Amino acid sequence: MTDMIPAWVNGTLTPVEKLEAHVKGLRHKAISVFLMRGDKVLLQRRALGKYHTPGLWANTCCTHPHWGEAALDCATRRLEQELGLGGIALTFRDTVEYRADVGGGLIEHEVVDIFVGELPAGREPVPNPDEVMDTIWQPLAQLMREVVESPKGFTPWLQIYLRDHAGVIFQDA
């Protein structure tokens, strides 16, 4: 079964195979989650087997909703699948749009619903090795500096979120 995601084709939201959406650079729906613990944000390093941006640091999790799947349901599902973190209350922050070359002839042109949650002390991620090779709790101020100083270690979308949308995403941090 192919992974069909919601993408705009000739102005109409249509189910499109995920890889096709990236090859053609189609505008498509996505979600991103940032889990916090005080002033620290949970980052994941993408598994080396990922079809784009392997080994780069990204926000807590991000993905594309299945065709017909609500954004919050998608965010909740993906936190469980990637990091073994179920039952986390998520707050919608904003919908943002970006377009970025992610290498290998692939383009992410995403309309992203961004969610933020607080991970209580005592709970830690249990990464799915097919998705995530490492995690780290990073103080937000340090992360903002590192992304500017060493951008090649971070996914294009994390760079965009921190540069253009940090005030909305981290409004409580």
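Residue numbering note: each chain is counted from 1, following its sequence as written. Restriction of local features to residues with pLDDT of at least 70 applies here, the model being predicted, together with a cutoff of 80 or more for giving and counting side-chain atom pairs; totals for whole chains, interfaces and linings are based on all residues. Excluded from the side-chain calculation are hydrogens and water; included are all heavy atoms of the structure.

### Points about helix H3 (residues 140-149)
No. 1: Only protein chains enter the accessibility calculation, which uses a 1.4 Å probe. A residue is then buried if its area is under 20% of the maximum for its type, exposed if over 50%, and partly exposed in between. Working definition: helices are DSSP H or I runs of at least four residues, strands are E runs of at least two. Numbering for both runs from the N terminus. Looking only at H3, the buried set comprises Leu 140, Leu 143 and Val 147. Down the axis of H3, the buried set is contained in an arc of 55°. They therefore lie on one face. Turned more than 90 degrees away from the buried face of H3, the exposed residues are Val 148 and Glu 149.
No. 2: Close packing links the buried residues of H3 with strand E4 (40-46), strand E9 (132-139) and helix H4 (156-164). What the arc measures is the spread of directions leading from the helix axis to the C-beta atoms. Throughout, a contact is declared for two residues whenever any of their heavy atoms are within 4.5 Å.

### A word on the side chain of Asn 59
No. 1: Within the element layout of this structure, Asn 59 appears in the loop between strand E5 (57-58) and strand E6 (61-63).
No. 2: Of the polar contacts made by the side chain of Asn 59, one reaches the backbone oxygen of Cys 61; its length is 2.9 Å.
No. 3: Leave out the neighbours within four places in its chain, and Asn 59 touches Ser 32, Val 33, Phe 34, Leu 42, Leu 43, Gln 44, Trp 157, Leu 158 and Tyr 161. In protein, a polar contact means a hydrogen-donor-capable atom and an acceptor-capable atom, both N or O and within 3.5 Å, with residues adjacent in sequence counting only if both atoms are side-chain atoms; elsewhere, any N or O pair within 3.5 Å suffices.

### Concerning the packing of aromatic side chains
No. 1: Classification of ring pairs rests on two measures: the distance between centres of Phe, Tyr or Trp rings, Trp counted by its six-membered ring, which must be within 6.5 Å, and the angle between planes, read as stacked under 30 degrees, edge-to-face over 60 and tilted in between. Scanning all chains against the criterion turns up 4 aromatic pairs.
No. 2: Here the aromatic rings of Phe 34 and Phe 170 are separated by 5.3 Å at their centres, their planes lie at 80°, and the arrangement is edge-to-face. Here Phe 34, found in strand E3 (residues 27-37), pairs with Phe 170, found in the segment after helix H5 (166-169); they are 136 residues apart in sequence, far enough to count as distant. Exposure class is identical for Phe 34 and Phe 170. Each is buried.
No. 3: Every member of this aromatic cluster is reached through a ring pair, and the members are Phe 34, Tyr 98, Tyr 161 and Phe 170.
No. 4: To sit over a ring, a charge needs its Lys NZ or Arg CZ within 6 Å of the ring centre and within 35 degrees of the ring normal. The positively charged end of Arg 27 is found above the aromatic ring belonging to Trp 8, 4.4 Å away from the centroid.

### Describing the nonpolar core
No. 1: Only buried Ala, Val, Leu, Ile, Met, Phe, Trp, Tyr and Cys residues count toward a nonpolar core, and they belong to the same one when joined by side-chain atoms within 4.5 Å. Phe 34, Tyr 161 and Phe 170 are the most contacted members of the largest nonpolar core, which totals 28 residues.
No. 2: Every element with two or more residues in this core is listed here: E3, E4, E5, strand E7 (90-103), strand E8 (106-118), H3, H4 and H5.
No. 3: Filtering out sequence-adjacent residues up to four positions away, Tyr 161 remains in contact with Ser 32, Phe 34, Asn 59, Val 96, Tyr 98, Val 112, Ile 114, Ala 166 and Ile 169.
No. 4: Of all hydrophobic cores here, the second largest spans 17 residues; its members include Val 33, Cys 74, Ile 88 and Val 132.

### Things to note about the environment of Val 126
No. 1: Tracing the backbone shows Val 126 in the loop between E8 and E9.
No. 2: Residue classification places Val 126 among the exposed residues on the basis of a relative accessible area of 58%.
No. 3: Residues Val 126 and Leu 85, 41 residues apart in the sequence, show an inter-C-alpha distance of 7.5 Å.
No. 4: The contact partners of Val 126, leaving out residues within four places of it in the chain, are Glu 82, Leu 83 and Gly 84.

### Structural notes on the environment of His 66
No. 1: Mapped onto the elements of the fold, His 66 is located in the loop between E6 and helix H2 (71-83).
No. 2: Considering only alpha carbons, one finds His 66 and Lys 18, 48 residues apart in sequence, at a separation of 9.5 Å.
No. 3: For His 66, the side chain forms a polar contact with the side chain of Asp 3, separated by 3.4 Å.

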